[in-house]
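Coordinate analysis (summary)
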Amino acid sequence: MTLQEFYARIGGNYETTIRRLPSEALVRKFVLKYPGDPSFNQLKDALAAQDWETAFRAAHTLKGVAQNLGMDHLYEVSSALCEALRGPKPLTDPALWPPVVEANDRVLAAIQEL
């Protein structure tokens, strides 16, 4: 799979990302490092523990990583969750979490095909 196909599959924007990062090789390098980023698992654990401060920080970090790497769909759904936790405050709309899981799973599956 090409990097352009990867971005199409995950709901991202290849053109914007390649303008932000100076080369396709650099984009690929950082995308391939994404599975090692702890933000998603920290968020999952914090939500399960109802640790709202940690959940907010992890959601904010995940949102930033997704935005920087041009993973637009993951950015959008994690941003919505992040804003719901801002304060930090308890998550009152648990329906915000499954789209983050689905977007993250889609990114991880696509990375395996790069």
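Residues numbered from 1 in each chain as written. Predicted model: local features only at pLDDT ≥ 70, side-chain atom pairs only at ≥ 80, totals over all residues. Heavy atoms only, no water.

Moving on: unusual backbone geometry. Omega for the bond connecting Gly 87 with Pro 88 falls within 30 degrees of zero, at -20 degrees, which places this linkage in the cis form. With respect to the helices and strands, Pro 88 occurs in the loop between helix H6 (72-85) and helix H7 (97-112). Although it is not a glycine, Gln 50 adopts a positive phi angle of roughly 55 degrees. Structurally, Gln 50 can be placed in the loop between helix H4 (39-49) and helix H5 (52-68). Taking relative accessible area as the criterion, Gln 50 reaches 56% and is therefore assigned exposed. (Helix = DSSP H or I, 4+ residues; strand = E, 2+ residues; numbered from the N terminus. Buried < 20%, exposed > 50% of the residue type's maximum accessible area, 1.4 Å probe, protein only.)

A separate point is the pattern of salt bridges. Scanning all chains against the criterion turns up 4 salt bridges. Here Arg 9 ties to Glu 113 by a salt bridge, and the two come within 2.7 Å at their closest N and O atoms. Here Glu 113 lies in the segment after H7 and Arg 9 lies in helix H1 (residues 3-10), a separation of 104 residues in the sequence. Classification of Arg 9 by relative accessible area gives partly exposed; the value is 41%. Arg 57 is the partner of Glu 53 in a salt bridge, and the nearest nitrogen-oxygen pair spans 3.1 Å. Of the two residues, Glu 53 and Arg 57 are both situated in helix H5; the distance of 4 residues between them amounts to about one turn of the helix. Each of the salt bridges in this network shares a partner with another, and the network as a whole consists of Lys 63, Glu 83 and Arg 86. (Salt bridge = Lys/Arg side-chain N within 4 Å of Asp/Glu carboxyl O.)

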